[in-house]
Amino acid sequence: VANLDDQERLLDEATAVFKEQAFHMGRAIESDNLRDALKHSSNMICELRTSLLSPKNYYELYTRVFDELQNLAKFFRDKSRHNRKMSDLYESVQHAGNILPRLYLLISVGSVYIASKEAPAKDILKDLSELCKGVQHPMRGLFLRFYLSQMCKDKLPDTNSDYEGEEGGDISDAFEFLMTNFTESNRLWVRLQHQGAVKDKARREVERYDLRVLVGTNLVRMSQLEGLTQEFYVAEALPKILEQVVQCKDVMAQQYLLDSIIHAFPDEYHMVTLDQLLTAMTQTTGGVDLRTVMCRLMERLKHVVENNPEAVPDSVDIFGMFRTHLQTILERPFSGEAGAPPAVLAPLLELQSEFLNFTLAMYDGHTEYVDAILESTVLLLTKALGDPDTGSKVDDDAAVDIVVTLLSTPIKSLGWEILDMQHFTTLIKFLTVATQKKVAIGMVDAVLESDNIIEDSDQLAKFLSFIQPVMKDMGGVSSEDLMNDKEFIREQQQVAKIVHIIQSDDTDVVYKCLETARKAFGDGGDARMAHTLIAVVSRAIELVPLIQAREVAVAAGEDVAPAQVSLKRVFGFIHKTLSDGLQTANPHACLRLWLAAANAADTADSNPDLAVQGTFEPICYEFLTQALITFEEEITDSRQQADGITVMVGSVSQLICLEEENYDNIAKKVSQHGAKLLKKPMQCRAVCTCSHLFWSPREEGRREGQRVRECLQKCLKIADVAVQSSNTNVGLFVEVLDKYLFYFTQGCDEVTPEHIQNLLTLCAEHVAYAEGDTASEVKLAFRNTVNYVKRRKAEGARQEGDRFHALDLSEISV
């Protein structure tokens, strides 16, 4: 082959000669001059004798010659124009001086000879096929074979064709012709790689790949034979084709031909010859990318089964065949080595991954098949890396991603059934700790995205053992660093959500699951417990009304089994979990959960359907005491303390089960904490909030107007001190006024119209001098409050005894 720079010139020269000879050939055909037509056609074909053109340019020249030869063949078919018998014409063209033009002309005449039916098709086809062996130059011979295939593809003695008969031949002859042409074409194609200098081998391989269709055309034509029944394909066709594929020992040829076989022949044929096809794949050269070929075969078979589930014969075990032959393929890299080089692992693992996807699509619910694939993957990695506990880890990025896929894919399809796979956890051990963590969180995400629920503690314990890497602290990372890591927080929040998919009508089962979760989460360290234990305690609090409803049903004589886990046991579980695990890990959440537990105990104590009043009052008081201890010892930031005061007041004001002395102790403590906040504005607002401790939103709760008024008066004193230090705090007076108005509208007799009148006057005097960035907001707030009072006063004028009627707003300016 000439240099790339000379290719264009050489093609132009060859094309110029071709055009000249084609022109003279055309003139000879027009004048019915057979002798000159053969002479000029032979000269035209001689341009194909070159060895200098690249395959691409040679193909371009070939297509032009092919088009002109069609005109010559048309001339041969019209006997009235050349007045020669086909047998004489067939013999005369064999006297051409050069072998290549001779064979092209012979094929052209031979195709017309067969069409004339003056000679048996099988004899002419056999003769042409044998004579073509005379050209052994790889490129010239390959294109000659391609021309033979193109000219004779519709002249075969196929079943029900015009050329079938005792003398003309049958399907066996048609197949034999195509098989011979396929075999010779493939040999010539394979030999192309050895033409030219070694330095040009890469370019030559690309060019050779571009010519693959010249070989594959024979397989396509075979598949189109009407007489190629399934029986003939199984017994005759496929064994010969696969023998040629295996014997050629060429990577490119084997891969392309296997792919062509899968594409060309019907999927139903593949179903019954699967073992033969897979056996041939295992016998290919080591460099063949069997993943692509097998994936395509799997896809075709899957499509057949999806469209017709009964298409699989009873005698065909698709999974068993694939597994057996895949195992052979997986073992090939280790046949002469102690271990596989890292580059080999990724494609082998990818083949396993594709087989897993195929199995999940074909055999829904067959966990034993999935576990078998994982087992073979474990064996593969053991051979490559050693023992999963003591050997090397998978460190190639591509291989790691595939192993992660192998582990996470079954979860989406099989759900909890993966917990029974004995090789799942073994496969995880081949990954580094960081990658194991990635797999674990992937499992958690997959479970949460599915409709799976946890129905018993054994199931939960198994799953939690699977996701251990994301549940335990890794060395070298401090808890403080983890607490500030957004990705870590997201992971732990996902893990915590596992608790919320525990579902059972039996409260005893749910409680046992919560105990299991509590034990597992307790080993995770403070950084993890700060997120995971919140869910455990929340679910435990949700159990309280469910257990009590069960007790009510039992007391009413309904057919319900008594609960084995009592409310006191649940409250004890909550107490232990909060005090031992969450109090230091997440004090802010712990405070809220202590209060939520206190409210749950209060609700349980107040159940009218059970004679339990007073039973849970000590428990409620204990939870409140613990909430105060958490507030005092763990919450030190003043803003967080202010928020804590609000939360405590909101919870405590709802309680009705506490004895008066206990309630007073709690209320006193909360109020004292509010009055001790760092800044005066915070103190003022906190004491205002604490006034609700003495005016319950529940009618049966504590309502002491005198205590309310004392709190509000204290607020005014604190606000006055704050305003004297800075006019920016004038808004505190308006906030206190709003709180007075709240109790005034609630009917608190201790808050009188005089109090409201005096406060309105006080606010009007001070708001005018408000300063700072919030001055406009303060004025707007006061204006809205005054407008509210005016509206209520106007409404009260029409209602006898309304308290707003006594207010005088004539001197209040806004």
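On a predicted model such as this, the values are computed, not experimentally measured, just so you know.

A.B. asks: Account for the overall build of the protein chain, naming residues and giving values.
C.D. replies: From N to C terminus, the protein chain includes 37 helices and zero strands. For the C-alpha atoms alone, the extent of the protein chain along its principal axes is close to 135 × 65 × 55 Å. Going through the 814 residues of the protein chain one by one, you find that 51% of them count as buried. As presented, the protein chain carries roughly 36,800 Å² of accessible surface, and 47% of it is formed by carbon and sulfur atoms. A gap of 6 Å separates the mean positions of the 84 positive and 121 negative side-chain charges of the protein chain.

A.B. asks: Lay out the packing of helix 33 (residues 680-690) against helix 35 (residues 731-745) in plain terms, naming residues and giving numbers.
C.D. replies: How two helices sit against one another is set out by the angle between their axes and by the gap between those axes. Contact geometry of helix 33 with helix 35 gives a least axis separation of 11 Å together with a crossing angle of 0°. It follows from the interaxial angle that helix 33 and helix 35 lie roughly parallel. Counting all contacts with helix 33, which are made through P681, C684, R685 and C688, the residues of helix 35 involved are L732, E735, V736 and K739. Its residues assigned to classes, the contact of helix 33 with helix 35 comprises five nonpolar, no polar and three charged.

A.B. asks: Lay out the side chain of R528 with the relevant residues and their values.
C.D. replies: Topologically, R528 is positioned in helix 27 (residues 526-555). Relative accessible area serves as the criterion here: at 2%, R528 is assigned to the buried category. A distance of 2.9 Å separates the side chain of R528 from the backbone oxygen of K472, its partner in a polar contact.

A.B. asks: Tell me about unusual backbone geometry, and please be specific about residues and values.
C.D. replies: For D32, which is not glycine, the phi torsion reads 55° and is therefore positive. One non-glycine residue, K249, lies in positive phi territory at about 55°. Looking at the secondary structure, you find K249 in the loop between helix 12 (230-247) and helix 13 (251-264).

A.B. asks: Could you give an account of the packing of helix 9 (residues 171-191) against helix 12, with specific residues and numbers?
C.D. replies: It is the contact of helix 9 with helix 12, at a shortest axis distance of 10 Å, that shows an interaxial angle of 15°. Relative to helix 12, the element helix 9 lies roughly parallel. Helix 9 and helix 12 meet at a crossing whose hand is right-handed. Residues I171, S172, F175, E176, M179, F182, T183, N186 and R187 of helix 9 form the contact with helix 12, whose participating residues are F232, E236, A237, K240, I241 and Q244. Grouping the constituent residues of the contact of helix 9 with helix 12 by class yields seven nonpolar, four polar and four charged.

A.B. asks: Describe the packing of aromatic side chains, naming the residues involved and giving the relevant values.
C.D. replies: For any pair of aromatic rings, geometry is given as the distance between the ring centres together with the angle between the planes. Evaluation of the coordinates by the stated rule reveals 30 aromatic pairs. Where Y233 meets Y269, the ring centres are 5.1 Å apart and the plane angle is 35°; that geometry is what we call tilted. Of this pair, Y233 sits in helix 12 while Y269 is found in helix 14 (residues 267-272), placing the two residues 36 residues apart along the sequence. For Y233, a relative accessible area of 0% puts it in the buried group. With a centroid separation of 6.0 Å and an interplanar angle of 35°, the aromatic rings of F322 and F355 are classed as tilted. With F322 in helix 17 (residues 318-331) and F355 in helix 18 (residues 342-362), this residue pair connects regions lying 33 residues apart in the sequence.

A.B. asks: Got a sec to walk through helix 9? Specific residues and values, please.
C.D. replies: With 21 residues, helix 9 extends 30 Å between its outermost C-alpha atoms, agreeing within 8% with the 30 Å of an ideal straight helix rising 1.5 Å per residue. Buried residues dominate helix 9, accounting for 16 of its 21 residues.

A.B. asks: Before we move on, could you go through the environment of N308 and cite the residues and values that matter?
C.D. replies: If you trace the backbone, N308 turns up in the loop between helix 16 (290-307) and helix 17. Along the chain, N308 and R702 lie 394 residues apart, while their C-alpha atoms are 74 Å from each other.

Thresholds, definitions, all that
- Residues numbered from 1 in each chain as written.
- Predicted model: local features only at pLDDT ≥ 70, side-chain atom pairs only at ≥ 80, totals over all residues.
- Heavy atoms only, no water.
- Helix = DSSP H or I, 4+ residues; strand = E, 2+ residues; numbered from the N terminus.
- Buried < 20%, exposed > 50% of the residue type's maximum accessible area, 1.4 Å probe, protein only.
- Areas by Shrake-Rupley, 256 points an atom, 1.4 Å probe, with all protein chains shown as cover.
- Lys, Arg positive; Asp, Glu negative; His and termini not counted.
- Charge placed at Lys NZ, Arg CZ, Asp CG, Glu CD.
- Axes fitted to C-alpha atoms, helices over the stretch in contact; angles between N-to-C directions.
- Parallel < 35°, antiparallel > 145°, perpendicular 65-115°, else oblique.
- Contact = heavy atoms within 4.5 Å.
- Nonpolar A, V, L, I, M, F, W, Y, C, P; charged D, E, K, R; others polar.
- Polar contact = N/O pair within 3.5 Å; in protein donor to acceptor, adjacent residues only side chain to side chain.
- Left-handed = near helix turned anticlockwise from the far one by under 90°.
- Phe/Tyr/Trp six-rings, centres within 6.5 Å; stacked < 30°, edge-to-face > 60°.
- Expected span 1.5 Å × (residues − 1).

On their own, these measurements won't tell you what the molecule is for.
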